[in-house]
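Spelled out, the chains give:
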Amino acid sequence: MPSSSKPKAAFFDFACCEGCQLTVLQLEETLLDLLEHVDIVTWREVMTGESESYDVAFCEGSITRERDVERIKKIRETAGILVTLGSCAGIGCHNAVRNKWPVEELLQKVYGTEEVVSDAIPARPITAVVPVDYQVLGCPISLPEFVSVFKHVLTGRKYYPPNQPVCVECKLNDYLCVYEKGMICLGPVTRCGCNAICTSRGDACHGCRGLIENANLNAMVKVFTEMRKLHPIMDAVADRHRPTLEQIRRRFAVYNNWPELKLERGTTHGA
Amino acid sequence: MAPLKQVVSSEGLFDMLREAMKELPVIAPAERKDQPGFHHFARLQQAEDFVPDYVTTTLPPKKAFFQPSETLFTFTTDQPPALELVSDTEHFVLAGVHPCDLAGLDALDLAYSQPPAEVRWPADRGLATVVGIDCMPDDYCFCSSVGTCLTRQGCDLFLTKVDRGYLAEVYTPAGDTMLAKVRTWEPTEADIRDAEQWRERKVERMTAHLEADPAEIADLLEAGGLAHLWKETAERCYSCGSCNTTCPACFCFDMHDEFDLSLKTGIRRRTWDSCQLLEFALVAGRHNFRQEREQRVRHRWHRKFLYLYRRLGRAYCTGCGRCSRACTADINLVDVTNALIAHARKAADHA
Ligand code: SF4
Ligand code: SF4
Ligand code: SF4
Ligand code: SF4
Ligand code: SF4
């Protein structure tokens, strides 16, 4: 590989489906434009060989074992800049669903009664283990946001993950709100940045990018658990499925498990 | 002066759009392809797609002039940077605009003409021929409470359903030219009466009403003492911004610079913004002067019914009901306003 003065980038994965890496590959020609600015030295899914030294580490996945903790710490020490890719790395995502049960109990359920030697620990995002410089959220990440973060990295600018709810992108695109069709959506409390991709196809938002700062979960609890008369549109939603507190909890639990979401009356998260 | 009136048949209305489409893009309410029964303002592919009796749309027609997200100019990183304005120059027809939305356009004309005046809005407004149309309210409409039911400002042509087609009121030469492309008739007394009855029926059918007129609402808000109501409303508000992003009278925006991958050129983009969003009032040093949700809720009402009413002489609400339809927390502008009117009046009586 020719030596150059370009920064060296490496991709690493932890517990996840590797969908975020795959998403990056979908950049196709744009990937070549990115390669004008960096040399990729390690990327298991894409190339052979790896390098001990790199400047920017892109890491996806959750930390689920003791040895992952050591590995991510080593990466953190080596890389000048650490970028997390995806919600597994950013907010724990599906991996953290299992934290509801003790690790021993889970090991037993999966491996039976045999003695298992395991260094499994409760699942957590990378952001909970080492300091992170940039985050791209999403399950999987959205490519335009990845490219935008990449440009921030190159120009040394701070990147703030969008802190507006998905409703903003949904409305700016003039999509029909799924509530109008009698569905319930987590968009009002979920971080945007995906350009409301799910609602663009008529599905509800399932909250994959995590909660916005100061999310008012209480509003959802109030609307659906208070038995007051609702206006026609909301009434049609409630009529179809007025969810219980437990059902609302479960909807959030698909992606939002770290830290554990305490969903009860009067809840506002992260003021 | 009373506008010239002509009658056009229902087919004639579609013919008129068909004729217009030969020369210009026509933006009008059409049914959503993915969701029958719901409408949006969209560029018509064929005149038949126009739905003259739609009830409402998610976004108001202001998006035809002020896009939700648009590029203002391109820049380079040279010293000094080379800037190039990006602007629309294409003329178009905007058809099927209800009186409340004409009032929305009028409200933005006024707001954006205040110094320092907007350059883009009036330029884009000048590109369109606007055809208004009268409507029937749903449970959320309350134009009769804010005096926008009969708005004709800013339209070139206005249509009201009558028995034998539409009564067309001609306001400008551009409207006249459009109408002249199709066969029309002199209105009879029956046509005039039909149109009047339509307007009466519209007001009769209105179920949502504000319990005070805008002047009184401004006074009540100014008197204050409504903190518990703001708090109560805030408890169920997501701060999702949908009440602003769907509002025909809201005009706030944000701007961002985006580089392309060369890192040598980029664009300045502006997007609609909302005062209900947490970071709307975030300034340098991470200071947020409306950090609390109830401050933001209060701001929305003050802005619509007090500050702008005092400064520009009109409420910045057209009664279209979009904010209440859009609110997934079931916060209804009419209910909240009436609750605070009731509370403020009671407080005044006890004083
Ligand atoms: S569909 Fe979901 S994200 Fe879109 S406006 Fe409705 S609640 Fe918000
Ligand atoms: S709409 Fe919601 S679930 Fe879908 S990608 Fe965006 S944040 Fe994730
Ligand atoms: S508010 Fe009035 S003008 Fe607007 S759509 Fe409803 S009835 Fe028509
Ligand atoms: S639409 Fe409703 S929930 Fe969203 S900011 Fe407005 S009032 Fe609050
Ligand atoms: S405040 Fe609500 S009812 Fe009034 S103009 Fe805006 S969206 Fe329409």
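Definitions and limits used
- Residues numbered from 1 in each chain as written.
- Chains lettered and ligands numbered in written order.
- Predicted model: local features only at pLDDT ≥ 70, side-chain atom pairs only at ≥ 80, totals over all residues.
- Heavy atoms only, no water.
- Contact = heavy atoms within 4.5 Å.
- Buried area = accessible area lost by both parts, 1.4 Å probe.
- Salt bridge = Lys/Arg side-chain N within 4 Å of Asp/Glu carboxyl O.
- Polar contact = N/O pair within 3.5 Å; in protein donor to acceptor, adjacent residues only side chain to side chain.
- Helix = DSSP H or I, 4+ residues; strand = E, 2+ residues; numbered from the N terminus.
- Domains from an automatic or database assignment.
- Near = heavy atom within 4 Å.
- Nonpolar A, V, L, I, M, F, W, Y, C, P; charged D, E, K, R; others polar.
- Pairing = 2+ DSSP bridges.
- Axes fitted to C-alpha atoms, helices over the stretch in contact; angles between N-to-C directions.
- Phe/Tyr/Trp six-rings, centres within 6.5 Å; stacked < 30°, edge-to-face > 60°.
- Buried < 20%, exposed > 50% of the residue type's maximum accessible area, 1.4 Å probe, protein only.
- Lys NZ or Arg CZ within 6 Å of the ring centre and 35° of its normal.

Quick word on the interface of chain A and chain B
Here is step 1: Listed as interface residues are 45 residues of chain A and, on the opposing side, 44 residues of chain B.
Here is step 2: Contact with chain B buries surface across chain A, with Lys 171, Leu 172 and Asp 174 of chain A losing the most and accounting together for 19% of the total.
Here is step 3: As a salt-bridge pair, Lys 222 of chain A and Glu 235 of chain B come within 3.9 Å of each other at their nearest N and O atoms.
Here is step 4: Where chain A meets chain B, there are 14 residue pairs in polar contact (both at pLDDT 80 or more).
Here is step 5: Listed by contribution, the elements that provide at least two residues to the side of chain A that touches chain B are helix 2 (29-34), helix 6 (143-155), helix 7 (166-172), helix 9 (217-225) and helix 10 (232-240) of chain A.

Description of the domain arrangement of chain B
Where the parts come together, the accessible area they lose is often given as the size of the interface.
Residues and elements named next belong to chain B.
Here is step 1: By the assigned domains, chain B splits into domain 1 (4-205) and domain 2 (214-344).
Here is step 2: Tallying the contact residues gives 41 residues for domain 1 and 38 residues for domain 2.
Here is step 3: Interface area for domain 1 against domain 2, summed over the two sides, is near 3500 Å², with a carbon-plus-sulfur share of 61%.
Here is step 4: Three residues stand out in domain 1 for area buried against domain 2, namely Phe 75, Tyr 140 and Phe 142, and they jointly supply 19% of the buried area on that side.
Here is step 5: There are five salt bridges connecting domain 1 and domain 2.
Here is step 6: Across the pair Arg 270 and Glu 118 runs a salt bridge, and its minimum N-O distance is 2.6 Å.
Here is step 7: Listed by contribution, the elements that provide at least two residues to the side of domain 1 that touches domain 2 are strand 4 (69-76), helix 2 (99-112) and helix 4 (143-146).
Here is step 8: Per-element accounting of the side of domain 1 that touches domain 2 gives the leading share, ten residues, to helix 2.

Section: the site of ligand 5
Here is step 1: Surrounding ligand 5, one finds Phe 142, Cys 247, Pro 248, Lys 304, Cys 317, Thr 318, Gly 319, Cys 320, Gly 321, Arg 322, Cys 323 and Leu 333 of chain B.
Here is step 2: Residue composition of the shell around ligand 5, grouped by class: seven nonpolar, three polar and two charged.

Overview of the sheet that holds strand 7 (residues 134-136) of chain A
Residue and element names in this part refer to chain A.
Here is step 1: Read from one edge of the open sheet, five strands run 2-1-3-5-7, paired in parallel fashion. A strand with exactly one partner marks an edge of an open sheet, and here the two such strands are strand 2 (39-43) and strand 7. Pairs of neighbouring strands in the sheet enclose a mean axial angle of 20°, with direction left out of account.
Here is step 2: Lying on the sheet, helix 6 is in contact with strand 3 (56-60), strand 5 (81-85) and strand 7; it crosses strand 7 at an angle near 170°.

Brief notes about the sheet that holds strand 5 (residues 84-85) of chain B
In sheet architecture, strand pairing relies on hydrogen bonds along the backbone and comes in two forms, parallel and antiparallel.
Residue and element names in this part refer to chain B.
Here is step 1: Judged by pairing direction, the sheet is antiparallel, and its four strands sit side by side in the order 5-4-11-10 without closing on themselves. The open sheet has two free edges, formed respectively by strand 5 and strand 10 (253-259), since each of these has just one partner strand.
Here is step 2: Where strand 4 lies against strand 5, two bridges are found, and the strand directions are antiparallel. Directly across from Thr 74, in strand 5, lies its bridge partner Glu 84.

Describing the packing of aromatic side chains
Here is step 1: A full pass over the atoms with the stated rule returns 18 aromatic pairs over all chains.
Here is step 2: Ring geometry for Phe 58 of chain A against Phe 150 of chain A: centres 6.3 Å apart, planes inclined by 10°, an arrangement best described as stacked. Taken as a pair, Phe 58 of chain A in strand 3 and Phe 150 of chain A in helix 6 lie far apart in primary sequence, 92 residues in all. Residue Phe 58 of chain A shares its accessibility class with Phe 150 of chain A, and that shared class is buried.
Here is step 3: One aromatic cluster is present, formed by Phe 65, Phe 66, Phe 92, Tyr 112, Trp 121, Phe 251, Phe 253, Trp 272 and Tyr 316 of chain B through successive ring pairs.
Here is step 4: Against the face of Phe 14 of chain A rests Arg 71 of chain A, its NZ or CZ located 4.4 Å from the ring centre.
Here is step 5: The residue whose ring lies beneath Arg 270 of chain B is Phe 253 of chain B, and the NZ or CZ to ring-centre distance is 4.5 Å.

Remarks on the site of ligand 2
Here is step 1: All residues adjacent to ligand 2 are Thr 190, Cys 194, Ile 197, Cys 198, Cys 205, His 206, Gly 207, Cys 208 and Arg 209 of chain A.
Here is step 2: Among the residues forming the shell around ligand 2, the class breakdown is five nonpolar, three polar and one charged.

Quick look at the pattern of salt bridges
Proximity of charged atoms lets side chains of opposite charge pair with each other.
Here is step 1: Following the criterion strictly, the structure yields 33 salt bridges over all chains and no others.
Here is step 2: For the salt bridge of Asp 119 of chain A with Arg 67 of chain A, the shortest nitrogen-to-oxygen distance reads 3.0 Å. Remark: Arg 67 of chain A occurs in helix 3 (residues 66-78) and Asp 119 of chain A occurs in the loop between helix 5 (103-111) and strand 6 (120-125); sequence separation between them is 52 residues.
Here is step 3: Between Arg 18 of chain B and Asp 15 of chain B there is a salt bridge, with the nearest N and O atoms lying 2.6 Å from each other. Taken together, the positions of Arg 18 of chain B and Asp 15 of chain B, both in helix 1 (residues 10-23) and three residues apart, correspond to about one turn of that helix.
Here is step 4: Given a relative accessible area of 34%, Arg 18 of chain B falls into the partly exposed group.
Here is step 5: Overall, Asp 15 of chain B belongs to the partly exposed group, its relative accessible area being 32%.
Here is step 6: When salt bridges that share partners are traced, they join Glu 70, Glu 118, Arg 120 and Arg 270 of chain B into one network.

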